[in-house]
Amino acid sequence: MFLDPLLLNIIITLIKTIVMIAALLGAFAYLTLVERWVVARIQSRIGPNRVGPRGLLQPIADAIKMIFKEDFAPAQADKIVYTIAPGIAIGTALLAWAVIPLGPPLMIGDLRIDLQIADINIAVLYLLAIGSLGIYGIVLGGWGSNNKYSLLGALRSTAQLVSYEIPLGLALVGVLMISGTLSLRQMVEQQAGVWNVVWQPLGFIIYFICSVAETNRLPFDLPEAETELVAGYHTEYSSLKFAFFYMSEYVNILTVSAIASCVFLGGYQGPLGIAPGPHWLILKIALIIFVFMWMRGTLPRFRYDQLMNLGWKVLFPLSLANIFVTAVVLLVIGK
Amino acid sequence: MEIVVFYIFAAIVVAAALGVILLRNPVHSALALALVFVCLAAMYVLLNAPFIAAAQVMIYAGAILILFLFVIMLLAPEPESGAGALRFQRAFAALFGGALILELVLVVASAAIPAPAKFGFLPAAPAGDVYAIGKLLFTDFLLPFEITSLLLLVAMVGVIVLAKKKA
């Protein structure tokens, strides 16, 4: 090659990053449309069908509307905190995608291109760390707005996210014990034959419930319970700042679904190792997100004490038991 | 390349650390502290210790500081005005702070710190440092590790007892 390898590497990484962000934001736009279709179907409504054929241009209309809304900030708000909060929310949501392996490496001539921005050997810990930083966006948004409903929503969500982070992390530990690696790529490659969900069914269920809570989705959407809190932490947000919160929520849904696919469902591996590639990962993410939407359409919201009881008295002990049983089995079969 | 990254993060850490003590609003101070933690994590990555970096962000920035913020927001204290109940502490602060600076200067001046042979990324540990840390924790440092877990257990029991009393 005529280019310096370091420079070439930087250029490739930059291109991958830009493509990834564009793809995520495109996916976000159309997820909102799909969600409205699915929920409309569940509630026997028609859903968006006016803008473009079958409503396909609806997200674009929404985006234009969002951009041209007045960017209003409350007079008593802490301006700096109020402004950086949506940025933190969307920034941490997008950062998580740096370590998700999308497919097996591509070969263009002699050049090997990994379909992953960074293959770091602590990918799982990185995801948990980035996830725990995401709370800042919500907390600061709620506090910075200087509004009672916003603050209550932010405090609820802090308690909820911190509580459910623990069983979420512990549910992943069972898989880590089996795979013996923290790298997502190695983990996916080990699942060419049998997926981890076969060995860790309980871990998968705990992870799934916690990921619903971590993304503030129904039945765990207490941080923005509209009947009690107007709109929770983003009550005072409008225009693009609100759009950033909205985006981060959907990108987070994509992230937890992608992690569930990579850790438990074989990532880009097909069933029985058939034709591995990004199409399998996209299909699995889509299926998991469909379940998210299905739950939103059919389940009522938890009460706050029920939420805490479920997290601390059911999921937390269950995830510890899962680790214990996994350890005993691994010891007995001598792996 | 590494040295440039180091100086950028070092500058942010120093600025943010000053922010922690100089900002009047406790929430702003807590945020500056979060920035310190995240930039320290970046330095651990430069030192080829990604596990420590992730733990730093997860535990300090993601859990402990969030609880700080939680308490600050619930109590909603007034921004410090500079004068007040803490005034008598200023003399003590100056005394002990000065003593600490003197000690640090003496130690750094007298210690023979070997010049680093080569600044930058250390050779990567093939199995990842997680394996090495786990091994050390369960062999050489088993006793401190278990004592720490006992401490945490005591803290947990204490919290439950305190919470039960009120109800």
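None of these values were measured; they are calculated from a predicted model.

Caption draft 1: Representation of the overall build of chain B. Secondary structure summary: chain B contains six helices and zero strands in total. Reading chain B from its N end, one meets helices and strands in the order α-α-α-α-α-α. Evaluated residue by residue, chain B yields a buried proportion of 22% over its 167 residues. Here the analysis covers contacts within chain B between residues at least 6 apart in sequence; of these, 63% occur between residues at least 24 apart. When the accessible surface of chain B is summed, it comes to about 12,200 Å², and 79% of that surface belongs to carbon and sulfur atoms.

Caption draft 2: How the structure looks around the domain arrangement of chain B. One can read the domain layout of chain B as domain 1 (1-79) and domain 2 (127-167). Here domain 1 of chain B and domain 2 of chain B have C-alpha centroids that lie 24 Å from each other.

Caption draft 3: The arrangement of the interface of chain B and chain A in detail. Listed per partner, the contact involves 21 residues of chain B and 20 residues of chain A. Carbon and sulfur atoms supply 84% of the area that chain B and chain A bury against each other, a total of about 1,900 Å² over both sides. Three residues, Met58(B), Ile66(B) and Met73(B), lead the burial of chain B against chain A; their summed loss comes to 30% of the area buried on that side. Counting across the interface, chain B meets chain A through zero salt bridges.

Caption draft 4: Focus on the packing of aromatic side chains. All names here are of chain A. Following the criterion strictly, the structure yields 12 aromatic pairs over all chains and no others. Considering the side-chain rings of Phe208 and Phe292, the 5.4 Å spacing of their centres and the 70 degrees angle between planes classify their relative orientation as edge-to-face. Linking Phe208 in helix 8 (residues 201-214) with Phe292 in helix 11 (residues 278-298), this pair joins segments that are 84 residues apart in sequence. According to the relative accessible area criterion, Phe208 is buried, its value standing at 16%. On the basis of relative accessible area, Phe292 is assigned to the buried category, the value being 2%. Each residue in the set Phe28, Phe242, Tyr246 and Tyr250 is aromatic and connected to the rest through ring pairs, giving one cluster. Here Lys284 stacks its cationic end above the ring of Trp195, 4.3 Å away from the centre of that ring.

Caption draft 5: Layout of helix 1 (residues 5-42) of chain A. All names here are of chain A. With 38 residues, helix 1 extends 53 Å between its outermost C-alpha atoms, agreeing within 8% with the 56 Å of an ideal straight helix rising 1.5 Å per residue. Along helix 1, the residues that are buried comprise Leu8, Ile12, Met20, Leu24, Phe28, Leu31, Thr32, Leu33, Glu35, Val38, Val39 and Ala40. Buried positions along helix 1 lie against helix 2 (58-68), helix 3 (79-95), strand 2 (111-115), helix 10 (239-263) and helix 11. Once helix 1 finishes, Ser44 follows within two positions and takes phi at roughly 55 degrees, a positive value.

Caption draft 6: Representation of the packing of helix 4 (residues 123-144) of chain A against helix 3 (residues 50-75) of chain B within the structure. In contact at an axis separation of 9 Å, helix 4 of chain A and helix 3 of chain B are set at 20 degrees when each is read in the N-to-C sense. Between helix 4 of chain A and helix 3 of chain B, the interaxial angle falls into the category roughly parallel. Crossing handedness for the pair helix 4 of chain A and helix 3 of chain B: left-handed. Taking contact as the criterion, the partners of Leu125(A), Leu128(A), Ala129(A), Ser132(A), Leu133(A), Ile135(A), Tyr136(A), Val139(A) and Trp143(A) in helix 4 of chain A are, on helix 3 of chain B, Phe51(B), Ala54(B), Val57(B), Met58(B), Ala61(B), Gly62(B), Leu65(B), Ile66(B), Leu69(B) and Met73(B). Tallied by class, the residues present in the contact of helix 4 of chain A with helix 3 of chain B amount to 17 nonpolar, two polar and no charged.

Caption draft 7: Local environment of the confidence of the model for chain B. Across chain B, the average pLDDT comes to 81, with 82% of residues at 70 or higher. Low confidence marks residues 119-127 of chain B, where pLDDT is under 50. Its contacts with residues over four positions away, or in another chain, come to 13 contacts.

Caption draft 8: Up close: the state of the cysteines. Per the stated rule, a full pass over the model turns up zero disulfides over all chains. Cysteine Cys210(A) shares no disulfide, and the gap to the nearest cysteine sulfur, in Cys262(A), comes to 18 Å.

Caption draft 9: Region of interest: the pairing of strand 1 (residues 103-108) of chain A. Residues and elements named next belong to chain A. Note: strand 1 against strand 2, four bridges, orientation antiparallel. Residue pairing across strands places Leu106 opposite Ile113, the latter belonging to strand 2. As consecutive antiparallel partners, strand 1 and strand 2 are separated by two residues, and within that stretch Gly109 has a phi angle of approximately 65 degrees, a positive value.

Caption draft 10: Quick peek at the pattern of salt bridges. Residue and element names in this part refer to chain A. Inspection of every chain in the model, using the stated rule, returns five salt bridges over all chains. Across the salt bridge formed by Arg36 and Asp62, the nearest N and O atoms sit 3.2 Å from each other. Residue Arg36 is found in helix 1, and its partner Asp62 is found in helix 2; the two are separated by 26 residues along the sequence. Owing to a relative accessible area of 36%, Arg36 belongs among the partly exposed residues under this scheme. For Arg185, the salt bridge goes to Glu189, with nearest N and O atoms at 3.7 Å. Here the residue Arg185 and the residue Glu189 both occupy positions in helix 6 (residues 184-190), the gap between them amounting to four residues, near one helical turn.

Caption draft 11: Structural context of a nonpolar patch on the surface. All names here are of chain A. Together, Tyr30, Leu56, Leu57, Ile60, Ile64, Ile67, Phe68, Leu240 and Phe244 line one region of the surface with nonpolar side chains, adding up to about 830 Å² of accessible area. At the level of secondary structure, the elements contributing two or more residues to the nonpolar patch comprise helix 2 and helix 10. The element best represented in the nonpolar patch is helix 2, accounting for four residues. Along the polypeptide, Ile67 turns up in helix 2.

What counts and how
Residues numbered from 1 in each chain as written. Chains lettered and ligands numbered in written order. Predicted model: local features only at pLDDT ≥ 70, side-chain atom pairs only at ≥ 80, totals over all residues. Heavy atoms only, no water. Helix = DSSP H or I, 4+ residues; strand = E, 2+ residues; numbered from the N terminus. Buried < 20%, exposed > 50% of the residue type's maximum accessible area, 1.4 Å probe, protein only. Contact = heavy atoms within 4.5 Å. Areas by Shrake-Rupley, 256 points an atom, 1.4 Å probe, with all protein chains shown as cover. Domains from an automatic or database assignment. Buried area = accessible area lost by both parts, 1.4 Å probe. Salt bridge = Lys/Arg side-chain N within 4 Å of Asp/Glu carboxyl O. Phe/Tyr/Trp six-rings, centres within 6.5 Å; stacked < 30°, edge-to-face > 60°. Lys NZ or Arg CZ within 6 Å of the ring centre and 35° of its normal. Expected span 1.5 Å × (residues − 1). Axes fitted to C-alpha atoms, helices over the stretch in contact; angles between N-to-C directions. Parallel < 35°, antiparallel > 145°, perpendicular 65-115°, else oblique. Left-handed = near helix turned anticlockwise from the far one by under 90°. Nonpolar A, V, L, I, M, F, W, Y, C, P; charged D, E, K, R; others polar. pLDDT = per-residue confidence, 0-100. Disulfide = S-S within 2.5 Å. Pairing = 2+ DSSP bridges. Patch = residues over 30% accessible without salt bridge, like charges linked within 9 Å, V, L, I, M, F, W, Y side chains within 5 Å.

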